[in-house]
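What follows is each chain in one-letter form.
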Amino acid sequence: MLESVFDRRVKHEVGYDLYLEIPEKEYLQIYEDVNNEAANDVVEQFLYLHQDDGRPQRVEVKHDKNNHTINIKALLTYEDNNHREAKILPNHLRHYENKREY
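Residues numbered from 1 in each chain as written. Predicted model: local features only at pLDDT ≥ 70, side-chain atom pairs only at ≥ 80, totals over all residues. Heavy atoms only, no water.

### A word on the packing of aromatic side chains
And then number 1: The final tally for this structure, using the stated rule, is 2 aromatic pairs.
And then number 2: Taking 5.9 Å as the distance between ring centres and 85° as the angle between the ring planes, the aromatic pair formed by Y16 and Y78 counts as edge-to-face. Taken together, the residues span a long stretch of sequence, with Y16 in strand β2 (residues 15-23) and Y78 in the segment after β4 (69-77) at a distance of 62 residues.
And then number 3: Aromatic side chains Y27 and Y31 sit 5.1 Å apart centroid to centroid with 35° between the ring planes, which places their arrangement in the tilted category.
And then number 4: With relative accessibility at 0%, the residue Y27 sits in the buried group. (Phe/Tyr/Trp six-rings, centres within 6.5 Å; stacked < 30°, edge-to-face > 60°. Helix = DSSP H or I, 4+ residues; strand = E, 2+ residues; numbered from the N terminus. Buried < 20%, exposed > 50% of the residue type's maximum accessible area, 1.4 Å probe, protein only.)

### Remarks on unusual backbone geometry
And then number 1: A positive phi angle is found at R58, which is not glycine, with a value near 50°.
And then number 2: Inspection of the secondary structure puts R58 in strand β3 (residues 55-64).
And then number 3: Using a relative accessible area of 62% as the deciding quantity, one classes R58 as exposed.
And then number 4: Residue H68 is not a glycine yet carries a positive backbone phi of 60°.
And then number 5: Of note, H68 is situated in the loop between β3 and β4.

### Brief notes about the side chain of T77
And then number 1: Looking at the secondary structure, you find T77 in strand β4.
And then number 2: A residue is classified by how much of its surface remains accessible, and T77, at 8% relative accessible area, is buried.
And then number 3: Not counting the four nearest positions on each side in its chain, T77 is found in contact with V14, D53, G54, R55 and Q57. (Contact = heavy atoms within 4.5 Å.)

### Notes on the pattern of salt bridges
And then number 1: Using the criterion set out here, one finds 1 salt bridge in the structure.
And then number 2: Between R9 and D52 there is a salt bridge, with the nearest N and O atoms lying 2.6 Å from each other. Of the two residues, R9 sits in strand β1 (residues 6-12) while D52 sits in the loop between α2 (36-49) and β3, which places them 43 residues apart along the sequence.
And then number 3: A relative accessible area of 33% means that R9 is categorised as partly exposed. (Salt bridge = Lys/Arg side-chain N within 4 Å of Asp/Glu carboxyl O.)

### Considering the nonpolar core
And then number 1: Core analysis: the largest hydrophobic core is formed by 21 residues, its most contacted members being M1, L20, I22, Y27, V42, V43 and I72.
And then number 2: Put simply, the parts of the chain that give this core at least two residues each are β2, α1 (24-30), α2, β3 and β4.
And then number 3: Beyond its immediate stretch of four places on either side in the chain, V42 contacts M1, L2, L20, I22, Y27, Y31 and I72. (Core = buried A, V, L, I, M, F, W, Y, C linked by side-chain atoms within 4.5 Å.)

### Quick notes on the pairing of β1
And then number 1: Pairing of β1 with β2, which is carried by 7 bridges, proceeds in the antiparallel orientation. The residue of β2 that forms the bridge with H12 is G15.
And then number 2: Hairpin connection between β1 and β2: a loop of 2 residues separates the two successive antiparallel strands. (Pairing = 2+ DSSP bridges.)

### A closer look at the pairing of β3
And then number 1: Relative to β4, β3 is paired through 8 bridges, and the arrangement is antiparallel. When the sheet's bridge partners are listed, E60 is paired in β4 with K73.
And then number 2: In textbook terms, the turn of a hairpin is the stretch between consecutive antiparallel strands, and for β3 and β4 this stretch comprises 4 residues, one of which, H68, has a positive phi near 60°.

So yeah, pure geometry; function would need other evidence.
Below is the structure:
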């Protein structure tokens, strides 16, 4: 799923706004609901996948049913230049693996 995410960043004085756009079908094969808990998980896994040291705050999620996308916005801050440890992507987020059947 994370390979299908379109991301964009906008820099401002306190950090970056991170925007993630995920195809609805792929998101719903992994997560049952569009909610903040799932959105936080997506942002964390996305940052780990890209070895990004940003710390997400104010995560918001919206389901755009007209465009069939899930849109997540988060504020990323970078403090103290503390680096994340490398982490292996969980199986449930790998591309075309462990997809739920409907």
